[in-house]
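Next come the chains, spelled out residue by residue.
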Amino acid sequence: MQKIDFLKSIQEAKAKKDYDAMLVNAKTAMQAYPSDDDFQELLHDAQGYYVNQKLESDLLEKLEEKEDWQGLQAVYLKLLSVFPDSKKLHKLLEKVRTKIEKKAEKEKELFYKKAEDQIKEMIKKNQLEDAESACYEILGLDPSNRTVIHLLAKTQHRIDKQIEDALSLYYKTAVPNLKKEYKAHREDYVRV
């Protein structure tokens, strides 16, 4: 194809607002005439038109309504591969990354809040071993979680209290029984 044919095909695609075809024709023209400034400029224009057309699509609106930030990020990255010089795409991509980070932070906070609530419920139901295990599990993920550290200390204090109560009860019943047994059968016991 001659230069004039490429120019004509690019202009026709632009007139029809067929920016996909305009981009393909501009890329093909660049391959045929790699050092031609006119085709470089037309390719840049075609990339811009193509990206703007895609940015105004219903798909992007639907993704934004659904708050599907990963999907939106994927589309922006794909468009960025077509037009890497687009400042608008870079700004949009940065906004989406910020929203992804905020969403991840909220999900993390919600996860820890639910875990803390479940641990408190276990403590309330006196499921202390389960509560202690859950605390260690959460602290394995976030060692500086002060609320869970506090819940772990509270749980361990209650476990210690239960052990002390059980030992106290044991000594209250076992020692008098041993004394009676000793008095009754001194010869069976060895004194140390």
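Novice: Outline the overall build of the protein chain, supporting the account with residue identities and numerical values.
Specialist: If you tally the helices and strands in the protein chain, you get eight helices and zero strands. Reading the helices (α) and strands (β) of the protein chain from amino to carboxyl end gives α-α-α-α-α-α-α-α. By the compact-globule yardstick of 16 Å for 192 residues, the protein chain is too spread out, its C-alpha radius of gyration being 36 Å. Taking all 192 residues of the protein chain together, the buried fraction comes to 29%. Here the analysis covers contacts within the protein chain between residues at least 6 apart in sequence; of these, 50% occur between residues at least 24 apart. Taking the average place of the 35 positive charges on the side chains of the protein chain and the average place of its 36 negative ones, the gap between the two points comes to 6 Å.

Novice: If you had to explain unusual backbone geometry to someone new, which residues and values would you point to?
Specialist: Unusually for a residue other than glycine, E67 sits at a positive phi of about 55 degrees. Note that E67 resides in the loop between α4 (58-65) and α5 (69-82). On the basis of relative accessibility, which here comes to 46%, the residue E67 falls in the partly exposed class. The backbone of N126 shows a phi angle near 65 degrees, a positive value even though the residue is not glycine. Inspection of the secondary structure assignment puts N126 in the loop between α6 (87-124) and α7 (128-141). The exposure class assigned to N126 is partly exposed, which follows from its relative accessible area of 44%.

Novice: Any details on the environment of Y49? Residues and values, ideally.
Specialist: With respect to the element layout, Y49 can be found in helix α3 (residues 37-55). Non-local contacts of Y49, meaning those with residues more than four positions away in its chain, are made with K14, Y19 and M22.

Novice: Could you give me a rundown of the packing of α3 against α6, with the residues and numbers involved?
Specialist: In contact at an axis separation of 11 Å, α3 and α6 are set at 35 degrees when each is read in the N-to-C sense. Counting all contacts with α3, which are made through V51, N52 and L55, the residues of α6 involved are K88, L89 and L92.

Novice: Describe the packing of aromatic side chains, naming the residues involved and giving the relevant values.
Specialist: One pass over the full model with this rule turns up six aromatic pairs. Both rings, one in F6 and one in Y33, keep their centres 6.0 Å apart while their planes meet at 85 degrees; by these two values the pair is edge-to-face. Of this pair, F6 sits in helix α1 (residues 3-15) while Y33 sits in the loop between α2 (19-32) and α3, placing them 27 residues apart in sequence. Taken together, a centroid distance of 5.0 Å and an interplanar angle of 10 degrees make the contact between Y19 and Y49 stacked. In this pair, Y19 is assigned in helix α2 and Y49 in helix α3, connecting sequence segments 30 residues apart. Among the residues examined, Y19 registers a relative accessible area of 12% and is labelled buried. Using a relative accessible area of 31% as the deciding quantity, one classes Y49 as partly exposed.

The rules behind these values
- Per-chain numbering applies: the sequence of each chain, read as written, is numbered from 1 onward.
- Per-residue local features are limited, in this predicted model, to residues with pLDDT of at least 70; the limit for side-chain atom pairs, both in listing and counting, is 80 or more; totals at the level of whole chains, interfaces and linings are taken over all residues.
- Hydrogens and waters are ignored; side-chain quantities use all the structure's heavy atoms.
- A run of DSSP states H or I qualifies as a helix once it reaches four residues; a run of E qualifies as a strand once it reaches two. Both are numbered from the N-terminal end.
- Atoms considered for the radius of gyration are the C-alpha atoms alone. The globule rule reads 2.2 Å times the number of residues to the power 0.38.
- We call a residue buried when its accessible area falls under 20% of the maximum for its residue type, exposed when it is over 50%, and partly exposed in between, using a 1.4 Å probe and counting protein chains only.
- In what follows, a contact means two residues having at least one pair of non-hydrogen atoms within 4.5 Å.
- Note that His is not counted, nor are the chain ends; the positive residues are Lys and Arg, and the negative ones are Asp and Glu.
- One atom stands in for each charge, and that atom is NZ of Lys, CZ of Arg, CG of Asp or CD of Glu.
- For helices, the axis comes from a line fit to the C-alpha atoms of the stretch in contact; other axes are also lines fit to C-alpha atoms, and the angle between any two N-to-C directions lies between 0 and 180 degrees.
- For this analysis, a ring pair means two rings from Phe, Tyr or Trp (six-membered ring only for Trp) whose centres lie within 6.5 Å, classed as stacked if their planes differ by under 30 degrees, edge-to-face if by over 60, and tilted for the remaining angles.

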